[in-house]
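# Working through the structure, step by step
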Amino acid sequence: MQNANLQKATFGAGCFWGVEAAFRQVKGVTSTAVGYSGGHFENPTYEDVCRGKTGHAEAVEVEYDPAIVSYEELLNVFWNKHNPTISNHQESDVGDQYRSVIFFHTPEQELLARASKEQLENSSRYHKNPIVTEIVAASQFYRAEEYHQQYLEKHGRVSYKIG
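Residues numbered from 1 in each chain as written. Predicted model: local features only at pLDDT ≥ 70, side-chain atom pairs only at ≥ 80, totals over all residues. Heavy atoms only, no water.

An unreviewed UniProt entry lists the protein under the name Peptide methionine sulfoxide reductase MsrA, with Nostoc commune NIES-4072 as the source organism. Per UniProt, the protein carries the Function (unreviewed entry) text "Has an important function as a repair enzyme for proteins that have been inactivated by oxidation. Catalyzes the reversible oxidation-reduction of methionine sulfoxide in proteins to methionine." (UniProt positions renumbered as here; feature names shortened; annotations may be inferred.)

Okay, here's the thing in structure tokens:
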């Protein structure tokens, strides 16, 4: 990171292409990368992860300026980008690599993530369906192959708008 004030946040919410596109539109997000996190296999490839044997989730690592955007605002994007009541499945993507997961980098992020999850569970948004999102410490993030980075933008298919 060039700016010492920048922070990282990492989220898994299904296929990483749309999730990355959503975070890239947030003012205060300085960069994003898609990749794999939360598994037990070193240097996984997309094919490795798709086989479902690595334990990794498709994830988006977000670098952001907390003076411009708060972690809570990033959590709101995360919750709004997918259905956190479905285990290992988002839209047509099925497998544990598509699980809903928040990888926290600091104790403060963990507290904020748990509080936001509890708030969502206590709301009527999902009609009392349980939120299955995992909240775990960030582990090694393996950047995905270059063709996955900003995939939707490269193919003119960014459609998700914030606000």
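Additional details are given in the paragraphs that follow.
### Describing the overall build of the protein
Broken down by element type, the protein carries 5 helices and 8 strands. Listing every helix and strand of the protein by position from the N terminus yields β-α-β-α-β-α-β-β-β-α-β-β-α. Within the protein, the proportion of its 163 residues that are buried is 47%. For the protein, restricting intrachain contacts to residue pairs at least 6 apart in sequence, the fraction spanning at least 24 positions comes to 76%. In the structure as shown, the protein presents an accessible area of about 8500 Å², 48% of it carried by carbon and sulfur atoms. (Helix = DSSP H or I, 4+ residues; strand = E, 2+ residues; numbered from the N terminus. Buried < 20%, exposed > 50% of the residue type's maximum accessible area, 1.4 Å probe, protein only. Contact = heavy atoms within 4.5 Å. Areas by Shrake-Rupley, 256 points an atom, 1.4 Å probe, with all protein chains shown as cover.)

### Considerations on the environment of E42
Positionally, E42 belongs in the loop between β2 (29-37) and α2 (46-50). Residue class for E42 comes out exposed when judged on its relative accessible area of 63%. Sequence separation between E42 and H56 is 14 residues, and the spatial gap between their C-alpha atoms is 10.0 Å.

### Topic: the UniProt feature "active site" (unreviewed entry) in the protein
According to UniProt, the positions carrying the feature "active site" (unreviewed entry) are C15. For C15, the position within the fold is in the loop between β1 (7-13) and α1 (16-24).

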